[in-house]
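# Examining the three-dimensional arrangement
Chain by chain, the residues run as shown.
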Amino acid sequence: MPTVTFVEYDGTAHVVEMVNGESLMETATSNAVPGIDGDCGGEAACGTCHIIVSEEWTGKVGQRNEIESQMLSMSPECHENSRLACQVKASAELDGLQVQLPEYQM
């Protein structure tokens, strides 16, 4: 199974198995990763699953869409490589992906 590592703001790492086709938000919440809330259930409407993708992975996770960009623009911790975890689908190609969590979710 492919894995993803969610790294909390304090450096605590959580390595979890991904299920192909599931969003990274679903992966995080089903594995009780602290710092990923997913309040809107994956509709890109709340920003509580903000992740910062490691630069070496940005090409593989794809670009954020307009709705995602609008939601992330409200976060003071938005980076060029910020994404909403609900909009990134797990796949074997993402095996070993590492993402940072911001200090605060919106």
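Residues numbered from 1 in each chain as written. Predicted model: local features only at pLDDT ≥ 70, side-chain atom pairs only at ≥ 80, totals over all residues. Heavy atoms only, no water.

As annotated in an unreviewed UniProt entry, the chain carries the name 2Fe-2S iron-sulfur cluster binding domain-containing protein and comes from Tsukamurella paurometabola. In its Sequence similarities (unreviewed entry) section, the UniProt entry covering the chain states "Belongs to the adrenodoxin/putidaredoxin family." Quoted verbatim from the Cofactor (unreviewed entry) heading of the UniProt record, the comment on the chain is "[2Fe-2S] cluster". (UniProt positions renumbered as here; feature names shortened; annotations may be inferred.)

On to the overall build of the chain, then. Scanning the chain for helices and strands turns up three helices and five strands. Each helix and strand of the chain, ordered N terminal to C terminal, gives the series β-β-α-β-α-α-β-β. Taken over C-alpha atoms, the radius of gyration comes to 12 Å for the chain, in line with the 13 Å a tight globule of 106 residues would show. Burial status across the chain gives 44% buried among its 106 residues. (Helix = DSSP H or I, 4+ residues; strand = E, 2+ residues; numbered from the N terminus. Rg over C-alpha atoms; globule rule 2.2 N^0.38 Å. Buried < 20%, exposed > 50% of the residue type's maximum accessible area, 1.4 Å probe, protein only.)

Our focus in this paragraph is the sheet that holds strand β5 (residues 97-100). In space, the five strands of this open sheet follow the order β2-β1-β5-β3-β4, with mixed pairing throughout. Every other strand in the sheet has two partners, leaving β2 (13-17) and β4 (82-84) as the edge strands with one partner each. Going from strand to strand, the sheet's axes swing by 35° on average, the running direction of each strand aside. Pairing of strand β3 (residues 50-53) with β5 involves two bridges; the strand directions are antiparallel. Bridge assignment links valine 53 to a residue of β5, and that residue is valine 99. (Pairing = 2+ DSSP bridges. Axes fitted to C-alpha atoms, helices over the stretch in contact; angles between N-to-C directions.)

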